[in-house]
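These are the residues of each chain, in order.
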Amino acid sequence: MISLALAVLWYGVIPLMGAFLTRRSWRHFRSRFNELRCTRPLTYADVTLESQKISAMPRDFTFLGEVEALSEEDLLWVKNEELTIPVSVKRVSIYVLPQEAPLAYGGSSQEVPRKIAWSDVRSISEGTRIFVGGALVYKDGRVLFSSLPHKPLIVILYEGDERHLIYKTIQAGRHHNEYYNKFTPFLLALGAFSQLLMAFLYMGRPGYRGMVYLNLLALIGPVYPFIPPGLLFTLLYRRLWKRARQYRAFRDLARLPLFHLDKEGRGVTLYTGERYEIMSTNVAPLGLKKDPRCLWLEDPFVKNKNQWYVCGVCPPLQEKASLPAPSLPGPSQDPLIPYMVLEANPFDLIQTYKNRAFMLEMGALAFLAGGVLLNGILAGFLLFWLSK
């Protein structure tokens, strides 16, 4: 029983705790990114005219531009067409987005953003596209972006269209397999060592031969998923888990427009003066499928679709009144405001993706557990036969 308890502890309980922490850290990353992208971008006036206000109460801003230079003071200088601003990157992690287009844009990438501690960064090429979001503070006589305890800074390096940044970040910002994180190899090694130690202690005692066998079976437990016939179950597990990850990503993408609605579900006026709306139509807006600025999020579970939801900004009221026919929402001036087409009501689509992801995850875990159990039983029979 002690062998089984140790195996469950080192191979199961503690790695699962690490898995929950890993998933939680990526959830916090996406949540903070969504919080930041809903704030307005930094302007020259914010830097030159509001130093006293910034010093008294730091506010969150976003900045889209490119890397200009690095300095020895843990400062990263970034610039756009309007201004140049330093970013204090001491004890800050840099996220590097995958280059390939995400699945939602017809790509095949399921890469995770590389998270690099600033202390490990050796160089960044000048002109690299960058997103910075966080608190603007007044320190040492100058205004700069800096991470605060309650306002962590997010720095993302990316390539491609800045309008795809929000979709790539939300879709890619999650771990492939939370169970296998940076702590897992050490935990599995400790678990195997504990089983080996117990087998050595029981060895030589005739009455404890069964315990030695159990320790040896538990010792090779981490390789059970990778040897036949359990390997087939592991392949099914990986396939289902990969699909569940996609649905969790699509669920979070479908949530993006909801950040720009009020509590009653109505559109709000953005800082740009544009009004964000979710407009339903019973005519498929097929023209938007070819618009590179628009993300088309499908509902793969409904074949006969008769309602589409276009999420974007509407023309001003006076301009809208002069149009001959009702017009669909369009893209915002701000590239961080989502412009999307949903093939179902966003609330229904979110729930559909959430339920399907949960079912796939439970199925994947059942296959994995079944494969491990099958190989464990076969290994037990083999060990028993060899001991005769």
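**Q** How should I be thinking about the layout of surface pockets in this particular structure?
**A** Here the largest pocket is characterised by a volume of approximately 1800 Å³. In the lining of the largest pocket, the residues fall into 29 nonpolar, 10 polar and seven charged. For the second largest pocket, the calculated volume is near 470 Å³. Of the residues contributing to the lining of the second largest pocket, the split by class is eight nonpolar, six polar and seven charged.

**Q** What am I meant to see in the pattern of salt bridges here?
**A** For the coordinates displayed, the defined rule picks out 18 salt bridges. The shortest N-O distance in the salt bridge between Arg23 and Glu361 comes to 3.1 Å. On the criterion of sequence distance, the pair formed by Arg23 in helix α1 (residues 2-37) and Glu361 in helix α9 (residues 346-386) is long-range, its members being 338 residues apart. Given the relative accessible area of 22%, Arg23 is considered partly exposed. Residue classification places Glu361 among the buried positions, given a relative accessible area of 8%. Note that Asp252 is salt-bridged to Arg251, the shortest N-O span being 3.0 Å. Among the residues examined, Arg251 registers a relative accessible area of 14% and is labelled buried.

**Q** Please clarify how helix α4 (residues 165-172) should be interpreted in this entry.
**A** Helical geometry: 3.6 residues make up each α-helical turn, so side chains three or four residues apart lie on a common side. With eight of eight residues buried, α4 lies mostly within the body of the structure. For α4, every residue scored as buried is listed here: Leu165, Ile166, Tyr167, Lys168, Thr169, Ile170, Gln171 and Ala172.

**Q** Is there a simple way to explain the sheet that holds strand β11 (residues 308-314) in this structure?
**A** Adjacent strands of a sheet pair through backbone hydrogen bonds, lying either parallel or antiparallel. Here four strands make up an open sheet; going across it, the order is β9-β11-β12-β10 and the pairing mixed. Across the chains shown, the open sheet's two edge strands, defined by having one partner strand only, are β9 (275-281) and β10 (295-297). Strand after strand, the sheet turns through a mean of 20° between neighbouring axes, direction not considered. Sheet analysis places β10 next to strand β12 (residues 340-342), joined by three bridges and oriented parallel. Directly across from Trp296, in β12, lies its bridge partner Val341. Contacting β10 and β12, helix α7 (residues 230-255) crosses the sheet at an angle of about 120° to β10.

**Q** Before we go on, may I ask you to explain the nonpolar core in this structure?
**A** Nonpolar side chains tend toward joint burial in soluble globular proteins. Judged by nonpolar contacts, the single largest core of 45 residues is most densely connected at Phe131, Ile156, Leu165, Tyr167, Leu253, Leu297 and Met340. Of all the secondary structure elements, the ones that give two or more residues to this core are α1, β8 (154-158), α4, α7, β10, β11, β12 and α9. Beyond its immediate stretch of four places on either side in the chain, Ile156 contacts Phe29, Phe33, Tyr95, Leu97, Arg129, Ile130, Phe131, Leu165 and Thr169. Among the nonpolar cores identified, the runner-up in size contains 25 residues, and Phe63, Val67, Ile130 and Val143 belong to it.

Analysis parameters
- Residues numbered from 1 in each chain as written.
- Predicted model: local features only at pLDDT ≥ 70, side-chain atom pairs only at ≥ 80, totals over all residues.
- Heavy atoms only, no water.
- 1 Å grid on protein atoms, 1.4 Å probe; cavity = no way out; pocket = protein on both sides within 12 Å on 5 of 7 lines; lining within 4 Å.
- Points joined across faces, edges and corners; volume = space filled by probe spheres on them.
- Nonpolar A, V, L, I, M, F, W, Y, C, P; charged D, E, K, R; others polar.
- Salt bridge = Lys/Arg side-chain N within 4 Å of Asp/Glu carboxyl O.
- Helix = DSSP H or I, 4+ residues; strand = E, 2+ residues; numbered from the N terminus.
- Buried < 20%, exposed > 50% of the residue type's maximum accessible area, 1.4 Å probe, protein only.
- Pairing = 2+ DSSP bridges.
- Axes fitted to C-alpha atoms, helices over the stretch in contact; angles between N-to-C directions.
- Contact = heavy atoms within 4.5 Å.
- Core = buried A, V, L, I, M, F, W, Y, C linked by side-chain atoms within 4.5 Å.

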